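Structural description and commentary
The primary structure of each chain is shown beneath.
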Amino acid sequence: MSFTVPDLTGDRPAQYRELVAQSEALVAGETDRVANAANLAALVFHALPDLNWVGFYFYDGRELVVGPFQGKPACIRIALGKGVCGTAADSRKTQLVPDVHAFDGHIACDGDTRSEIVVPLVRDGELIGVFDLDSPRPDRFDAIDQYGLEAVARVFLATH
Ligand code: SME
């Protein structure tokens, strides 16, 4: 099978609808968590502009551990409640951070990062991990991104 990353077209909500459809096609018939996380990170990293890190952290029952990603090497373990990722995991609410320097406790993995969004991955009340995107552009993410990326996260959660 070969899978290309076609250009997204239309307005931004339409682009996210396409991205979600591409995500569904990419994981169809596969239940392996690492395989699906790896391919989704690659798809999103290449499909959306102005990103320097896209990936997953998985909850091991104690803390978050880095999973498949695209970007520079990252912090391996993050305690619940720490940084943007740990805050998303702990609160189970998406964290939209327009300026990472203004976020108390932000963990700087890549010094280029200026803004960040982290979507918690929760299935049947159980914390699975987080889906994290970083951008070198301040204020890169808005409510349209949040809505779209939460939909991509649901595609991932439905696979296993
Ligand atoms: N900035 C994150 C850490 C993970 S990296 O961005 C990949 C945080 O504050 O939790």
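Residues numbered from 1 in each chain as written. Predicted model: local features only at pLDDT ≥ 70, side-chain atom pairs only at ≥ 80, totals over all residues. Heavy atoms only, no water.

**Let's talk about the packing of helix 1 (residues 12-27) against helix 2 (residues 33-47)**
The following threshold applies: All axes here are fitted lines through C-alpha atoms, helices being fitted over the stretch that makes contact, and every angle between N-to-C directions spans 0 to 180 degrees. Counting from the N terminus, the helices are DSSP H or I runs at least four residues long and the strands are E runs at least two residues long. Here the angle decides the label: under 35 degrees means roughly parallel, over 145 means roughly antiparallel, 65 to 115 means roughly perpendicular, and every other value means oblique. Left-handed describes a crossing whose near helix is turned anticlockwise from the far helix by less than a right angle; the clockwise case is right-handed. Contact definition: two residues touch when any of their heavy atoms are within 4.5 Å. Following the grouping adopted for this structure description, the nonpolar residues are Ala, Val, Leu, Ile, Met, Phe, Trp, Tyr, Cys and Pro, the charged ones are Asp, Glu, Lys and Arg, and the polar ones are all others, Gly among them.
Contact geometry for helix 1 and helix 2: axes closest at 10 Å, N-to-C directions at 150°. Judged on the interaxial angle alone, helix 2 and helix 1 are roughly antiparallel. The element helix 1 and its partner helix 2 pack so that their crossing is right-handed. Contacts from Leu-19, Gln-22, Ser-23, Leu-26 and Val-27 in helix 1 reach Asn-36, Asn-39, Leu-40, Leu-43, Val-44 and Ala-47 in helix 2. In terms of residue class, the contact of helix 1 with helix 2 is built from 7 nonpolar, 4 polar and no charged.

**A few points about the packing of aromatic side chains**
Note on aromatic pairs: each is described by the distance of the centres and the angle between the planes. Keep this limit in mind: When the centres of two rings from Phe, Tyr and Trp lie within 6.5 Å, Trp using its six-membered ring, the rings pair. Their planes under 30 degrees apart give stacked, over 60 give edge-to-face, and anything left gives tilted. The buried label applies to any residue whose accessible area, calculated with a 1.4 Å probe on protein chains only, is under 20% of its type's maximum; exposed applies above 50%, and partly exposed to all values in between. In this analysis the charged atom, NZ for Lys or CZ for Arg, is taken to sit over a ring once it is within 6 Å of the ring centre and within 35 degrees of the ring normal.
Tallied over the full model, the rule gives 6 aromatic pairs. Taking the centre distance of 4.8 Å and the plane angle of 45° together, the rings of Phe-56 and Phe-156 count as tilted. Of this pair, Phe-56 sits in strand 1 (residues 53-59) while Phe-156 sits in helix 4 (residues 143-157), and the two are 100 residues apart along the sequence. An identical accessibility class is assigned to Phe-56 and Phe-156; each is buried. Aromatic rings pair up to connect Phe-56, Phe-58, Phe-131 and Phe-156 into one cluster. The ring of Phe-58 has Arg-33 lying over it, and the distance from NZ or CZ to the ring centre is 3.7 Å.

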